[in-house]
Amino acid sequence: MGIKQKISRLHYHVLPHVHADGEQHHAHGLSVFALFLYLQIFVAATAGFYVIKLKAPQILGTITFSADQIISLTNQRRAENGLPVLTFNSFLANAASAKASNMFSENYWAHNSPSGKTPWSFITAAGYKYIYAGENLARDFNDASSVVTAWMNSPSHKSNLLDKNFKEIGVAVVSGNLTGTEGILVVQEFGSGAGGVQNSSALAQALPTPSPASVVKSSPSIAPKSFVSHSNASPSTLIVASPSPSPEPSISPLPNPAVAAGGVAITQGAGNTNPTSAAVLGGKQFSVSKAISFGLVGFVFLLFVVEIIFVAREEKLKLRSGVLAHLGILAFVLLVIWYAVSGAIL
Amino acid sequence: MRDTINKFSKFDIVGHVFLYAGLVVGAFGVFFSRYDTTKQFFVLVLLIIFYLVWGFAYHYLKGDIHRKLVMEYLMIATIGIAAGFLVLMS
């Protein structure tokens, strides 16, 4: 076959057609062999990303964000909703770090640990005694803004973010491998205490605000400390916030973001910012994967759309069996790809 | 186009409505499992299994099932799972 003839038959790759023998053929781009080739592109991309992540993850960019950004964005959302901003609390930050550390060491993605530790046990162990407490979790997001947006899009997480009972916040942003995935874990602890604390300088010496992964990872558990308490909150706050304090916090249904109420309030004053931040390599993988998948599945989908349109216009052609089913499932796959976001919240 | 639609039997129409209803249910599943990529992938796999079972049953009952068609269904199903895996799980 000459080149001219080949060029004149290029449209056969994208359009259904009738061969000389009178048999109808679908576009060559939709043959089983062509579909097999598309599949190989997915296999190559998956294998390629795996090798790149292993050998040179810097190629795929670096994700980095900090606890400060999370706190700032949280307060921004609260201000937008007419709520007072939350003040940073180093005890809650340490509780968040301890929780993150425990999640890595016990390798779980949940509010309660496999060994039965609740979010409140970390908060109490860090020396923060509360009237109200809450916890939001997030993992594998590419930036701080996406984390807070994801929480705001979830009614139960949003209620934590915009809870008027919370006065203080502590956040840990830690990178590491959790349940087999390398990424950034965000633990956000909310609290409302009635007293002040505690020997914050002693805590700072015992538990210096952790720098990202290394310190947090090397310190899987934080022992409870005893503190000298001093009150810096008004008693009226206590009365209003804790109409019926109980020694044991109640736990909201999980796996919704955890919220607890109760306990005796002795908390510390706020002040310094939390420098905790984390970085992880391979940040562009999600967007590149999404682009490849959407492009390739979209191409196959379009070929089926073209086939339906062409068949409808050409009298001599008939609609192949199964085309509408293929079109439906490919549309569904496209929806899944388009709707996918990197990261998960709990 | 009207001729093409007229060629559909009642069986074709009911069958495809059933398939598309399943896909709509799946779309809700994907929507409600946002921010949980594992769940989304699980929904995708379930829907692809549904598509395969539907396809084999539909073409068997219609009497036009053949090897090439089965391969086509399998290839598209595998592409769907591979695309979902690449985006949601890798």
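Residues numbered from 1 in each chain as written. Chains lettered and ligands numbered in written order. Predicted model: local features only at pLDDT ≥ 70, side-chain atom pairs only at ≥ 80, totals over all residues.

What chain A contains, in helices and strands, is twelve helices and eleven strands. Classification of the 346 residues of chain A by burial places 42% in the buried group. (Helix = DSSP H or I, 4+ residues; strand = E, 2+ residues; numbered from the N terminus. Buried ≥ 20, exposed ≤ 12 C-beta atoms within 10 Å, placed from the backbone.)

Of regular secondary structure, chain B possesses four helices and zero strands. Taken from the N to the C terminus, the helices and strands of chain B come in the order α-α-α-α. Per-residue burial for chain B yields a buried fraction of 31% across its 90 residues. Partitioning the contacts of chain B with sequence separation of at least 6, the portion at a separation of at least 24 is 62%. (Contact = placed C-beta atoms within 7 Å.)

In this complex, chain A contributes 40 residues to the contact, which on the side of chain B involves 40 residues. Among the elements of the structure, α2 (32–55), α11 (285–313), α12 (323–339) and β11 (344–345) of chain A are those that each provide at least two residues to the side of chain A that touches chain B. Its residues placed into classes, the side of chain A that touches chain B shows 30 nonpolar, nine polar and one charged. (Nonpolar A, V, L, I, M, F, W, Y, C, P; charged D, E, K, R; others polar.)

All names here are of chain A. Relative to the helices and strands, Glu307 resides in helix α11. Owing to 23 C-beta atoms within 10 Å, Glu307 belongs among the buried residues under this scheme. Spatially, the C-alpha atom of Glu307 lies 8.1 Å from that of Val14, the residues being 293 residues apart in sequence.

Right, let's talk about the pairing of strand β6 (residues 168–178) of chain A for a bit. All names here are of chain A. The buried count for β6 comes to nine of eleven residues, which makes it a mostly enclosed element. Sheet analysis places strand β4 (residues 87–88) next to β6, joined by two bridges and oriented parallel. Its bridge partner being in β6, Phe88 is matched across the sheet by Ile169. Strand direction decides the pairing type here: β6 and strand β7 (residues 181–192), joined by eleven bridges, are antiparallel. Residue pairing across strands places Ala172 opposite Val187, the latter belonging to β7. Here β6 folds back onto β7, and the loop between the two strands holds two residues, one of which, Thr179, carries a positive phi near 45°. (Pairing = 2+ DSSP bridges.)

Right, let's get into the environment of Gln40 of chain B. Along the chain, Gln40 of chain B turns up in helix α3 (residues 37–62). Using a count of 25 C-beta atoms within 10 Å as the deciding quantity, one classes Gln40 of chain B as buried. Those residues in contact with Gln40 of chain B that sit more than four places away from it in its chain are Val336 and Ala340 of chain A together with Val30, Ser33 and Leu88 of chain B.

Attention now goes to the nonpolar core. Core analysis: the biggest nonpolar cluster contains 87 residues, and Ile70, Val171 and Val186 of chain A together with Ile79 of chain B have the highest contact counts within it. The element contributing the most residues to this core is helix α4 (residues 67–89) of chain B, with ten residues. (Core = buried A, V, L, I, M, F, W, Y, C linked by C-beta atoms within 7 Å.)

To continue, consider unusual backbone geometry. What you tend to see is this: most non-glycine residues have negative phi, and most peptide bonds are trans. All names here are of chain A. Phi at Asn107 takes a positive value of approximately 55°, unusual for a residue other than glycine. Note that Asn107 resides in the loop between α4 (90–106) and α5 (119–125). Here Asn107 falls in the partly exposed class, since 13 other C-beta atoms lie within 10 Å of it. Here the phi dihedral of Asp140 falls at roughly 65°; this positive angle occurs in a residue that is not glycine.

Bringing α3 of chain B into the picture now. Between its first and last C-alpha atoms α3 of chain B spans 37 Å; for 26 residues at 1.5 Å apiece the expected length is 38 Å, and the two agree. For α3 of chain B, every residue scored as buried is listed here: Thr37, Gln40, Phe41, Val43, Leu44, Leu47, Ile48, Tyr51, Trp54, Gly55 and Tyr58 of chain B. In this structure, the buried residues of α3 of chain B make contact with α12 and β11 of chain A together with α2 (10–32) and α4 of chain B. (Expected span 1.5 Å × (residues − 1).)

It is worth spelling out the environment of Tyr35 of chain B at this point. Mapped onto the secondary structure, Tyr35 of chain B falls in the loop between α2 and α3. Ignoring any residue separated from it by four or fewer positions in sequence, one finds Tyr35 of chain B in contact with Ala150, Ser154, Val341, Gly343, Ala344 and Ile345 of chain A.

So, on to the packing of helix α3 (residues 67–80) of chain A against helix α6 (residues 144–153) of chain A. For any two helices packed against each other, one specifies the inter-axial angle together with the distance between the axes. Residues and elements named next belong to chain A. As a packed pair, α3 and α6 sit with axes 9 Å apart at the nearest point and diverge in direction by 40°. The angle between the axes of α3 and α6 places the two elements in the oblique class. Crossing of α3 over α6 shows right-handed handedness. Where α3 abuts α6, its residues Gln69, Ile70, Leu73, Thr74 and Arg77 lie against Ala144, Ser145, Val147, Val148 and Met152. Here the residues of the contact of α3 with α6 are counted per class, giving six nonpolar, three polar and one charged. (Axes fitted to C-alpha atoms, helices over the stretch in contact; angles between N-to-C directions. Parallel < 35°, antiparallel > 145°, perpendicular 65-115°, else oblique. Left-handed = near helix turned anticlockwise from the far one by under 90°.)

We now examine the confidence of the model for chain B. The predicted coordinates should not be examined in detail at positions where pLDDT is low. Across chain B, the average pLDDT comes to 89, with 92% of residues at or above 70. For this predicted complex, the interface confidence reaches an ipTM of 0.93, while the overall pTM sits at 0.69. (pLDDT = per-residue confidence, 0-100.)

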